Amino acid sequence: LSISKKIELDAVVVGAGFSGLYMLLTLREAGYSVKAFEKGEGVGGVWYWNRYPGARCDTESFSYNYTFSEELFQEWTWTSRYPEQPEILAYLNYVADKFYLRKDIQFNTTIQSAHYNERTNRWDIQTDSNQHISAKYFISGVGCLSASNLPKIKGLDDFKGKWYHTGHWPHEKVHFKGKKVGIIGTGSSGVQSIPEIAKEAERLFVFQRTPQYVAPANNYPYTNDEMNRLKTNFHLLKQQMKSTMFGMPNDAPNKSALDDSDEERQKIYEEAWKKGGFYLATSYNDLLVNEKSNETIAQFFRGKIKEIINNPDLANALQPNYYYGTKRPILGTNFYETFNRSNVELVNLKETPIKEIYDQGVRTIKEEYDLDILVFATGYDGMTGPLFKIDIRGRDGLSLKDKWDEGASTRTYLGLMTAGFPNFFMITGPESPSVLSNMPLCIEQHVDWIIDCINYLEENSFDVIEAKREAEDRWSQHCREIAESTLYTKTDSWYTGANIKGKPRRFLIYLPGIGPYRKICNDVANNDYEGFHLLNMSEKPIH
Ligand code: NA7
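Now for a look at the structure at hand. (Residues numbered from 1 in each chain as written. Predicted model: local features only at pLDDT ≥ 70, side-chain atom pairs only at ≥ 80, totals over all residues.)

1. Quick notes on the site of the ligand
To be explicit about the condition: We call a residue near a molecule or strand if the C-beta atom, set from the backbone, is within 6 Å of it. Every helix listed is a DSSP run of H or I at least four residues long, and every strand listed is a run of E at least two residues long, numbered separately from the N terminus. Each residue is assigned to one class: nonpolar for Ala, Val, Leu, Ile, Met, Phe, Trp, Tyr, Cys and Pro, charged for Asp, Glu, Lys and Arg, and polar for all the others, Gly among them.
Neighbouring the ligand are 21 residues; Pro151, Gly185, Gly187, Arg328 and Gly379 lie closest to it. For the shell around the ligand, the element with the highest residue contribution is helix 5 (residues 188-200), accounting for three residues. Of the residues in the shell around the ligand, the class split is eight nonpolar, eleven polar and two charged.

See the structure below:
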């Protein structure tokens, strides 16, 4: 029996992705003793794990990076509009080196549990290598899309070929040449990988459950001039990004899709299609609240699919019919075009659902598909999934999972904290705007808020910060009411939790976006952390 020594720290950070790295840096610079724990062998978070072919970011590179250091922004040069996964991973490694972060990160380590001890006002944290750590602050940087969803399809254990999930792709290159490959899922990961796999595989079967709206990414390499212009405009870009809904310099115009004539609208959609990226999604301001406006853009996409796809039956099978944008908008490169290839076959699961997996491949209710490789591009248990993988317990031993599963709903105050869990912060937690806004920018805003908050507590000799119940009830209700007034809640998606069997249907995103949200968070802090209990250790909050 080995008795491990307890490590005492001011703060523990979970994860070494965009969130964990910056949180670690700010805590260390402010003079706290801190360690980050990371499951992977290296830094990067989702960019460490998502190594599937074609994996790239769909936020433009100049805005998908940190802005806290102008020096870093000037030093790093992105090669293209939408960086590929290896480039983003290289960037995060560069950040880790530049700021000497590695010495305070313990890799290959999973945090298994974190229990709040009321007597000591500390978090007792345990790792999978049987280490015990005691910390005053417990901070999650686990990300929103890091708990992969492997659907329970009967027979996977019998499959004799190889199978992979896009979110846990192996480090060694997977060779598709001469192979019969199947891929389940046509979300962002499927859409990015399908054209790449199709180029190499002998045959590719795409198992599609819901046809998607895929806008062209229109990726291109940056010229030196373009990169220099972006670098020169650092301050302006940063300011623009901070104030918009999505945290990107472009914002939706203040105009309904129904304000324009059919002709004008078509012209706007055509231009946005040519520009690529999220320009279509931000063509008008009411696409996600007005069914009629939404139908205009849905029809535009359906028309494009018919133009691109040679075979009319195939074009029909690819026609999406949910409200555009209520699943995460997808950007692709030659996605629809790939279905014109002779080695690619669409399997329409709406007509012929998967029955089971057998030793040689996938069996639908109609046919058998023999496969050498099966790829699951089946997504994630979003937002709450990664948090629930850790046994987090607050006051009175209540687990986060039990609190959030107990009927009412997930409840947070500002997506940053939750009542009953003192000194536990969630970077990009549920009910913050993060997954619908520019992620690194949202992360910076949360980290800056958290470090200011911790400094405030320490400077004013408070031991505890904890969300008030009434404040989180109000915040959660506010998030829900906004969501209910949109079309988002009418669609099954990972936004609503409907993609995970048995998961309660809840919409856990603050929709007005990062610009307005930042102001709310700042006001709360400036009003002596309104809505939070600030306590001494001996005090119990009265909710
Ligand atoms: P997504 O967007 O959740 O997509 C998952 C896909 O897998 C989607 O097409 C699903 O179809 C499909 N799926 C999931 N389970 C099944 C089963 N059991 N059978 C058939 N098809 C299934 O995940 P991604 O990894 O592509 O993207 C996640 C996010 O990462 C993305 O939104 C960006 O924010 C970055 P469905 O639509 O549910 O019918």
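2. Looking at the nonpolar core
Within soluble globular proteins, side chains that are nonpolar tend to cluster in buried spots. Keep this limit in mind: In this description, a nonpolar core means buried residues of the types Ala, Val, Leu, Ile, Met, Phe, Trp, Tyr and Cys, linked to one another by C-beta atoms lying within 7 Å. With C-beta atoms placed from the backbone, a residue counts as buried when 20 or more other C-beta atoms lie within 10 Å of its own, as exposed when 12 or fewer do, and as partly exposed for counts between those limits. Two residues form a contact once the distance between their C-beta atoms, set from the backbone, is within 7 Å.
Counting 150 residues, the largest nonpolar core has Val12, Leu21, Leu24, Ile139 and Ile183 as the members making the most contacts within it. Per-element accounting of this core gives the leading share, ten residues, to helix 14 (residues 439-459). Discounting chain neighbours no more than four positions away, the residues touching Val12 are Lys35, Phe37, Trp123, Ile125, Ile133, Ala135, Phe138 and Ile139.

3. Re the sheet that holds strand 14 (residues 361-364)
Which entries qualify depends on this criterion: Following DSSP output, two strands are said to pair if at least two bridges run between them. A fitted line through C-alpha atoms represents every axis, and for helices the fit uses only the stretch in contact; the resulting angles, taken between N-to-C directions, go from 0 to 180 degrees.
Read from one edge of the open sheet, three strands run 13-14-15, paired in antiparallel fashion. In the strand order of this sheet, the two ends are held by strand 13 (354-358) and strand 15 (368-370), each with one partner. Mean inter-strand twist for the sheet, computed between neighbouring axes without regard to direction, equals 20 degrees. In the sheet, strand 13 pairs with strand 14 via four bridges, with the strands oriented antiparallel. By the bridge assignment, Tyr358 is partnered in strand 14 with Gly361.

4. Focus on unusual backbone geometry
Despite not being glycine, Tyr100 shows a phi value in the positive range, around 50 degrees. The topology assignment puts Tyr100 in the loop between helix 4 (85-98) and strand 3 (105-106). Note on Tyr100: 10 C-beta atoms within 10 Å, which makes it exposed. Even without being glycine, Thr428 reaches a positive phi, approximately 55 degrees. Mapped onto the secondary structure, Thr428 falls in the loop between strand 18 (424-426) and helix 14. Here Thr428 falls in the buried class, since 25 other C-beta atoms lie within 10 Å of it.

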